[in-house]
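Residue strings, one per chain:
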Amino acid sequence: MTSPQTRSVEDAVRTILPGVRADLEALVRIPSVSATSPEQVHRSAAAVVELLRSAGLDDVRVLSSARPDGSPGMPAVVGRRPAPAGAPTVLLYAHHDVQPPGTPEGWASPAFEPTERDGRLFARGAADDKAGVLVHVGALRALLPTWGPDEGVGVVVFVEGEEEVGSPSFSAFLAEHREALAGGSGSAGPDVVVVADSDNWSVDTPSLTTSLRGLVDATVTVRTLDHAVHSGMYGGPALDATTALVRLLDRLRDDDGAIAVPGLRPTDGPEPTGLPEVTEERFRADAGVLDGVALLGSGPLAQRLWHRAALTVIGVDVTPIEKASNTLAPSARARLSLRVPPGLAPAEAFGLLRDHLLATAPLGARVEVELDESGRAFSGDVDGPVYDAARSALARAWGLASADDVVHAGVGGSIPFIAELVEAFPGATVLVTGVEDPDTRAHGHDESLSLAVFERALFAEALLLDSLSPER
Ligand SMILES: [Zn+2]
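Residues numbered from 1 in each chain as written. Predicted model: local features only at pLDDT ≥ 70, side-chain atom pairs only at ≥ 80, totals over all residues. Heavy atoms only, no water.

**Here's the deal with the coordination of the zinc ion**
Reference values for angles at a metal are 109.5 degrees in the four-donor tetrahedral case and 90 or 180 degrees in the six-donor octahedral case.
Logical step 1: Coordination sphere of the zinc ion, protein contribution only: His95 (NE2), Asp128 (OD), Asp197 (OD) and Asp197 (OD), at 1.9 to 2.7 Å.
Logical step 2: Sequence positions of the residues that donate to the zinc ion give the spacing H-x32-D-x68-D. Of the two residues, His95 sits in strand S3 (residues 89–95) while Asp128 sits in the loop between strand S5 (120–122) and helix H3 (130–143), which places them 33 residues apart along the sequence. (Donors = N, O, S within 2.8 Å, 3.2 Å for Na, K, Ca; no water. Helix = DSSP H or I, 4+ residues; strand = E, 2+ residues; numbered from the N terminus.)

**Examining the packing of aromatic side chains**
Logical step 1: Throughout the structure, instances matching the rule amount to five aromatic pairs.
Logical step 2: With 5.6 Å between their ring centres and 80° between their planes, Tyr93 and Phe158 make a pair best called edge-to-face. Of this pair, Tyr93 sits in strand S3 while Phe158 is found in strand S6 (residues 154–160), placing the two residues 65 residues apart along the sequence.
Logical step 3: A centroid spacing of 5.9 Å and a plane angle of 25° characterise the contact between Phe158 and Phe170, whose relative ring orientation is stacked. (Phe/Tyr/Trp six-rings, centres within 6.5 Å; stacked < 30°, edge-to-face > 60°.)

**Looking at empty space enclosed by the protein**
Where empty space is left in the structure can be found by rolling a water-sized probe over the atoms.
Logical step 1: Taken as a whole, this structure holds two cavities of 30 Å³ or more when the rule is applied.
Logical step 2: Considering only enclosed or pocket space, the largest cavity measures out at about 160 Å³ in volume.
Logical step 3: Lining of the largest cavity is provided by 15 residues; of these, Leu394, Thr433, Ala457, Ala460 and Glu461 occupy positions nearest its centre.
Logical step 4: Of all the secondary-structure elements, those providing two or more residues to the lining of the largest cavity are strand S7 (192–199), helix H11 (385–398), strand S17 (429–436) and helix H13 (451–467).
Logical step 5: A total of four residues in the lining of the largest cavity trace back to one element, the largest contributor, which is H13. (1 Å grid on protein atoms, 1.4 Å probe; cavity = no way out; pocket = protein on both sides within 12 Å on 5 of 7 lines; lining within 4 Å. Points joined across faces, edges and corners; volume = space filled by probe spheres on them.)

**What to know about the sheet that holds strand S18 (residues 448–450)**
Logical step 1: Sheet architecture is open: three strands sit in the order S4-S5-S18, paired in antiparallel fashion. Each end of this open sheet is capped by a strand with a single partner; those strands are strand S4 (115–117) and S18. Going across the sheet, the axis of each strand differs from the next one's by a mean of 25°, ignoring polarity.
Logical step 2: Note that S5 and S18 share three bridges and pair antiparallel. Each residue of the ladder has a partner; that of Leu121, found in S18, is Leu449. (Pairing = 2+ DSSP bridges. Axes fitted to C-alpha atoms, helices over the stretch in contact; angles between N-to-C directions.)

**Quick word on the domain arrangement of the protein chain**
Logical step 1: Under the domain assignment used here, the protein chain contains domain 1 (4–212 + 377–467) and domain 2 (214–265 + 309–375).
Logical step 2: A C-alpha centroid distance of 40 Å is found between domain 1 and domain 2.
Logical step 3: When the buried surface of domain 1 facing domain 2 is broken down by residue, Ala377, Gly412 and Ser414 rank first, second and third, together holding 67% of it.
Logical step 4: Seen at the junction of domain 1 and domain 2, the total is zero salt bridges.
Logical step 5: There are one residue pair in polar contact (both at pLDDT 80 or more) connecting domain 1 and domain 2.
Logical step 6: Elements that contribute at least two residues to the side of domain 1 that touches domain 2 include exactly strand S8 (207–212) and strand S15 (378–379).
Logical step 7: In the side of domain 1 that touches domain 2, the residues fall into three nonpolar, five polar and no charged. (Domains from an automatic or database assignment. Buried area = accessible area lost by both parts, 1.4 Å probe. Salt bridge = Lys/Arg side-chain N within 4 Å of Asp/Glu carboxyl O. Polar contact = N/O pair within 3.5 Å; in protein donor to acceptor, adjacent residues only side chain to side chain. Nonpolar A, V, L, I, M, F, W, Y, C, P; charged D, E, K, R; others polar.)

**Some details on a negative patch on the surface**
Logical step 1: Residues Asp250, Asp254, Asp255 and Asp256 make up a contiguous surface patch of negative charge.
Logical step 2: The topology assignment puts Asp256 in the loop between helix H7 (241–250) and helix H8 (280–287). (Patch = residues over 30% accessible without salt bridge, like charges linked within 9 Å, V, L, I, M, F, W, Y side chains within 5 Å. Areas by Shrake-Rupley, 256 points an atom, 1.4 Å probe, with all protein chains shown as cover. Lys, Arg positive; Asp, Glu negative; His and termini not counted. Charge placed at Lys NZ, Arg CZ, Asp CG, Glu CD.)

**A few points about unusual backbone geometry**
Peptide bonds are mostly trans, and most non-glycine residues show a negative phi.
Logical step 1: Each neighbour pair has its own omega, and for Asp128 with Asp129 the value is 0°, a cis peptide bond.
Logical step 2: Mapped onto the elements of the fold, Asp129 is located in the loop between S5 and H3.
Logical step 3: If you check the backbone angles, Ser167 has positive phi at about 50° while not being a glycine.
Logical step 4: Relative to the elements of secondary structure, Ser167 occurs in the loop between S6 and helix H4 (170–176).
Logical step 5: The backbone of Arg441 shows a phi angle near 55°, a positive value even though the residue is not glycine.
Logical step 6: Position of Arg441 relative to the elements: it lies in the loop between S17 and S18.
Logical step 7: On the accessibility criterion, Arg441 (54% relative accessible area) is exposed. (Buried < 20%, exposed > 50% of the residue type's maximum accessible area, 1.4 Å probe, protein only.)

**A closer look at the nonpolar core**
Logical step 1: Core analysis: the biggest nonpolar cluster contains 96 residues, and Leu449 and Phe454 have the highest contact counts within it.
Logical step 2: For this core, the element with the most residues is H13, which contributes eleven residues.
Logical step 3: Residues within four places of Leu449 in sequence aside, it is in contact with Leu24, Gly119, Arg120, Leu121, Ala126, Ala127, Ala131, Val435 and Phe454.
Logical step 4: If you look at the next biggest cluster of nonpolar residues, it comprises 28 residues, including Ala241, Leu248, Leu252 and Leu264. (Core = buried A, V, L, I, M, F, W, Y, C linked by side-chain atoms within 4.5 Å. Contact = heavy atoms within 4.5 Å.)

**A look at the side chain of Arg80**
Logical step 1: Structurally, Arg80 is set in strand S2 (residues 76–81).
Logical step 2: A distance of 2.8 Å separates the side chain of Arg80 from the backbone oxygen of Gly183, its partner in a polar contact.
Logical step 3: Excluding anything up to four places from it in sequence, Arg80 contacts Leu57, Asp58, Asp59, Val155, Val156, Ala180, Gly183 and Gly184.

**Describing the pattern of salt bridges**
Where charged atoms from two side chains of opposite charge approach closely, those side chains can pair.
Logical step 1: Counted under the stated rule, the structure contains 23 salt bridges.
Logical step 2: Residues Glu113 and Arg29 are paired through a salt bridge, measuring 3.1 Å at the closest nitrogen-oxygen approach. Here Glu113, found in the loop between S3 and S4, pairs with Arg29, found in the loop between helix H1 (4–28) and helix H2 (38–54); they are 84 residues apart in sequence, far enough to count as distant.
Logical step 3: For Glu113, a relative accessible area of 32% translates into the label partly exposed.

**Examining the layout of surface pockets**
Logical step 1: Taken as a whole, the largest pocket spans an internal volume of roughly 1100 Å³.
Logical step 2: Taken together, 39 residues make up the lining of the largest pocket; nearest its centre are Asp199, Gly410, Val411, Gly412 and Gly413.
Logical step 3: The set of elements that each furnish at least two residues to the lining of the largest pocket consists of S7, S8, H8, helix H9 (301–306), strand S16 (407–411) and helix H12 (416–424).
Logical step 4: Per-element accounting of the lining of the largest pocket gives the leading share, four residues, to H8.
Logical step 5: A per-class count over the lining of the largest pocket returns 14 nonpolar, 14 polar and eleven charged.
Logical step 6: Taken as a whole, the second largest pocket holds about 450 Å³ of empty space.

The following block contains the structure:
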């Protein structure tokens, strides 16, 4: 049954939608590519300030922090509505910077000219993540006029300006502007964080991104000789480092290709339940796996993709063919990328990988392993009341029969800032929502937003915020 309150939120959303759509198009026209165009990112920050003010937030500021190398970080926009007594504070995250557009020929219509075709809005940033910005703005425009000063929830809107370059100043920003993000002085932090920057299962089925793998990048160096020597003079008894490296890398896997590192094998770790089915056909087609090439590991694909480790050789330093001579190479290196399952700390995963590499050094070769980079995994508290409220709101907004039809999807990649947010505000429940769908092509040519998904996402967020209000 639809309650009168749900109906009034729906009516309010319907009223504000045309204006929100126009504002999305205007924001998309600003080519705020954080990798190349800082001045445009400053322009989009100024536009976001106006949008947050128009949504009814009085306290709106542009804030930034320095990056680790000392250069200035891109501007973020933070807007705030203080929490009424006894009400929770919700932090709403999105980002206003975008990826570079790529080549103009790749686009059917200009990258920064929003163009509607078949119910989709095409442009760079139309989905990732300017639609996320406008979902927050739209939900507040719909709700704030219906809440009295002592009603509703506290809100902090945090619109970042450098997500697409890896959020380099994020740690410093969290430290320096913690009070602003926490919702004011004395606040322990937000109770709920909504990150509107992810995917949906399909245009008809919403999903919550409930897990993300972490990341460890490491470099392994193998040495077998004190210096390079002639293969004719010394080859036979002496071992070259390239061969030793190849043998070492081979020992990372079983005969069927699955990771052989104890603690990181496909059979290590808990068996997650309730995962949606990813069919082999869909996976092979999406990944472009050639016919006849085997898939690695065993068990459900969703488990292998989201809850198990993955190991990839992403670079090697060996003698290139054009420089090949009759020489035994004294050393060789490989860069390894390890995706870390939720529940395992990056430092622990690195330790498992390093120990295995050292223990399996072939033929006495000297092996060194260095950690280059790491990021934490994430897994959401899907059994708590906030997830219940989110599933109900999504089901209502998308017209699903049951809240159980909302898909809990994992993502195999990492979003390091989410792990940092979890660390900064350990008391908050983090919900990862989004406006994307499998046809969005975020970061690619012809990125597009399903306008139906956009409306449902906005309606769902308004319902969620309203349902988190104590008086509901
Ligand atoms: Zn994004």
